[in-house]
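Coordinates in review
Here's the letter readout for the chains.
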Amino acid sequence: MKPKILLRIASIIILIHGIGHTLGNAGWKGTEDPIAKGVVKEMTVHQFPFMGASHSIGDYYEGYI
């Protein structure tokens, strides 16, 4: 197989992967599961100072994805 075709296949796979992560992250706070709601609450309620700003783990989770 030519390298050009392999690069095109890889780019399509990366594009699909990126779209999946974007759509999957869109509703991480809007779950109906009570256990997951508790986890989301704990991730977003408690804030701590870091490098001059106050953030929660939920803020970093959103920024990561």
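Preceding this section is the structure that the text describes.
Note that the structure is a prediction, hence the values are computed from the model and not measured.

Remarks on the overall build of the chain
What the chain contains, in helices and strands, is 3 helices and 2 strands. Helices (α) and strands (β) of the chain occur, in sequence order from the N terminus, as α-α-β-β-α. For the chain, whose C-alpha radius of gyration is 18 Å, the value lies well above the compact-globule estimate of 11 Å for 65 residues. Across its three principal axes, the chain shows a C-alpha extent of roughly 50 × 35 × 15 Å. Here the chain holds 65 residues, and the buried ones make up 8% of them. Long-range contacts, defined here as pairs at least 24 residues apart, represent 24% of the contacts in the chain between residues at least 6 apart. When the accessible surface of the chain is split by element, carbon and sulfur atoms take 69% of a total near 5,500 Å². Distance between charge centroids for the chain: 21 Å, based on 6 positive and 5 negative side chains.

Quick look at the environment of Ser11
Along the chain, Ser11 falls in helix α1 (residues 3-25). Owing to a relative accessible area of 43%, Ser11 belongs among the partly exposed residues under this scheme. Reaching out from Ser11, the side chain makes a polar contact with the backbone oxygen of Arg8 at a distance of 2.8 Å.

A look at the side chain of Ser56
Structurally, Ser56 is set in strand β2 (residues 53-56). For Ser56, a relative accessible area of 1% puts it in the buried group. For Ser56, the side chain forms a polar contact with the main-chain oxygen of Met43, separated by 3.3 Å. Among all residues touching Ser56, those that are not within four sequence positions of it are Met43, Thr44, His46, Gln47 and Phe48.

About the cut-offs
Residues numbered from 1 in each chain as written. Predicted model: local features only at pLDDT ≥ 70, side-chain atom pairs only at ≥ 80, totals over all residues. Heavy atoms only, no water. Helix = DSSP H or I, 4+ residues; strand = E, 2+ residues; numbered from the N terminus. Rg over C-alpha atoms; globule rule 2.2 N^0.38 Å. Buried < 20%, exposed > 50% of the residue type's maximum accessible area, 1.4 Å probe, protein only. Contact = heavy atoms within 4.5 Å. Areas by Shrake-Rupley, 256 points an atom, 1.4 Å probe, with all protein chains shown as cover. Lys, Arg positive; Asp, Glu negative; His and termini not counted. Charge placed at Lys NZ, Arg CZ, Asp CG, Glu CD. Polar contact = N/O pair within 3.5 Å; in protein donor to acceptor, adjacent residues only side chain to side chain.

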